[in-house]
Amino acid sequence: MRTFLLSTALLATLSAAPLPAATPAADWAIAIHGGAGVIERGSLSPEADAAIRADLAKAVDAGAAVLRRGGPSTDAVVAAVAVLEASPWFNAGVGAVFTSAGSIELDAAMMEGEARRAGAVTGVKSTLSPIALARTLMDKGPHVFLAGPATDEYARENGLVQVPNSHFMTERRRRQLDDLRLQNQGAALMPAETRMGTVGAVARDVKGNVAAGTSTGGLTGKAPGRVGDAPLIGAGTLADNRCGAISATGSGEIFIRVRVAASICDAARFGGQPLQKAADMTLAEVGSLGGDGGVIVMGPKGDGLFSFNSAGMYRGRASARSAPEIKVYADE
Ligand code: ASP
């Protein structure tokens, strides 16, 4: 065995050398969700389970493809969310839930963590991809938040594809509205399984910038004009390179009151909490007010994590260092 002695000069050089970064700059990562709520084993047919997982995987792949070739986290988020908006299995775009008036009103928001630009829309009725609309508003401005008919007008002016409101309607969601009416329940009290399916994505690109996006139909039987947490920056959606990117799903009214995304970011930034703990503590607070749901969080270094207090959350993630994974139940 040979022993090497390091000279004092060499030791000095080594100790002056910068430490390797904990996460190389080239790391990218994405996490997505397709809603949280009552998803118990056996409650989904094997076909539905497989179809949902396939669409979640497609969304992760769409976002990962952007990030892998060095694209921005904003593009990755839009690519992933747009896949889920087009799938009838989720409560966003096609397959969104009905309002009490029997129409579909969509909410979406987008934010990027470098300059902290944001775009949010509520009450969208004819724009095929609400996340693309939120993205356009974020990029072009001049405002951050548009509501009601102004959203679709803005989309038309900017050349975004328009469809009739019926394009988003599915029989499954219409039945859920009928059931709710039969039970004479208010939207706020409705069982979580009829709410399931809000979609969102958070990503970190190779430059180290994070972004978040969320898109939803809201709650079955919601009053026309009702605004949930998803399009509210700091409640259902937030991105800030100093703490990470967050997209939420769950009982919207309570998520607004807890300021879920802002609470997680602030606990990490100002309270020094690890993001997982910050998210878990915030979800516990949601629970203490009688709410349920979950969040996906992308840390500044590319750690994609989940936290939820419901029986399940449709979720997936992938990164430069780990193969895609898709999960549905809490115990997976
Ligand atoms: N948070 C959404 C809303 O209240 C619904 C959901 O995520 O299931 O509009």
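Structure first, text after, so check above.
Before going into details, it helps to say that this report is about the structure given with it. (Residues numbered from 1 in each chain as written. Predicted model: local features only at pLDDT ≥ 70, side-chain atom pairs only at ≥ 80, totals over all residues. Heavy atoms only, no water.)

### Section: the packing of helix α4 (residues 130–140) against helix α5 (residues 149–157)
Argument step 1. Put simply, α4 and α5 touch, their axes get as near as 10 Å, and they point 75° apart. Viewed along their axes, α4 and α5 adopt a mutual orientation that is roughly perpendicular. Residues L133, T136, L137 and K140 of α4 lie in contact with α5, whose contacting residues are T151, Y154 and A155.
Argument step 2. Broken down by class, the residue content of the contact of α4 with α5 amounts to 4 nonpolar, 2 polar and 1 charged. (Axes fitted to C-alpha atoms, helices over the stretch in contact; angles between N-to-C directions. Helix = DSSP H or I, 4+ residues; strand = E, 2+ residues; numbered from the N terminus. Parallel < 35°, antiparallel > 145°, perpendicular 65-115°, else oblique. Contact = heavy atoms within 4.5 Å. Nonpolar A, V, L, I, M, F, W, Y, C, P; charged D, E, K, R; others polar.)

### Looking at the sheet that holds strand β9 (residues 293–298)
In a beta sheet, neighbouring strands are held together by backbone hydrogen bonds and run either parallel or antiparallel to one another.
Argument step 1. Taken in spatial order, the 4 strands of this open sheet run β7-β8-β9-β10, and their pairing is antiparallel. At either end of the open sheet lies a strand with only one pairing partner, and these are β7 (237–240) and β10 (304–308). Averaged over all pairs of adjacent strands, the angle between strand axes in this sheet comes to 15°, irrespective of strand direction.
Argument step 2. Pairing of strand β8 (residues 244–250) with β9, which is carried by 6 bridges, proceeds in the antiparallel orientation. Counted as the bridge partner of T249 is G294 from β9. (Pairing = 2+ DSSP bridges.)

### What to know about the pattern of salt bridges
Argument step 1. In total, this model carries 13 salt bridges according to the counting rule given.
Argument step 2. Here R53 ties to E332 by a salt bridge, and the two come within 3.0 Å at their closest N and O atoms. Separated by 279 residues along the polypeptide, R53 in helix α2 (residues 46–68) and E332 in the segment after β12 (322–329) bring together distant segments of the chain.
Argument step 3. Judged by its relative accessible area of 31%, E332 is partly exposed.
Argument step 4. Close ionic contact of K58 with D55 constitutes a salt bridge, the shortest N to O distance being 3.7 Å. Here D55 and K58 lie together in helix α2, a separation of 3 residues that amounts to about one turn.
Argument step 5. A network of salt bridges, in which partner residues are shared, links D75, E112, R117, R135 and D139. (Salt bridge = Lys/Arg side-chain N within 4 Å of Asp/Glu carboxyl O. Buried < 20%, exposed > 50% of the residue type's maximum accessible area, 1.4 Å probe, protein only.)

### Re the state of the cysteines
Argument step 1. On inspection of all chains with the given rule, the structure shows 1 disulfide.
Argument step 2. Between C243 and C265 runs a disulfide, and the two sulfur atoms are separated by 1.9 Å. Disulfide C243-C265: the torsion about the S-S bond is -95°, which places it as left-handed. You can see C243 sitting in the loop between β7 and β8 and its partner C265 sitting in helix α8 (residues 260–269), a full 22 residues away along the chain. (Disulfide = S-S within 2.5 Å.)

### Comments concerning empty space enclosed by the protein
In this approach a probe as big as a water molecule rolls over the atoms, and the regions it shows empty are the leftover space.
Argument step 1. On inspection of all chains with the given rule, the structure shows 1 cavity of 30 Å³ or more.
Argument step 2. The computed volume of the largest cavity comes to approximately 110 Å³.
Argument step 3. Surrounding the largest cavity, 14 residues form its lining, T198, T216, G218, D229 and G250 being those nearest its centre.
Argument step 4. A total of 3 residues in the lining of the largest cavity trace back to one element, the largest contributor, which is β8. (1 Å grid on protein atoms, 1.4 Å probe; cavity = no way out; pocket = protein on both sides within 12 Å on 5 of 7 lines; lining within 4 Å. Points joined across faces, edges and corners; volume = space filled by probe spheres on them.)

### Section: the side chain of E112
Argument step 1. Following the sequence through the fold, E112 ends up in strand β2 (residues 106–112).
Argument step 2. Within the local environment of E112, its side chain forms a polar contact with the backbone nitrogen of E114, the two atoms lying 2.9 Å apart.
Argument step 3. Those residues in contact with E112 that lie beyond four places of it in its chain are T74, R117, M138, V210, A211 and A239. (Polar contact = N/O pair within 3.5 Å; in protein donor to acceptor, adjacent residues only side chain to side chain.)

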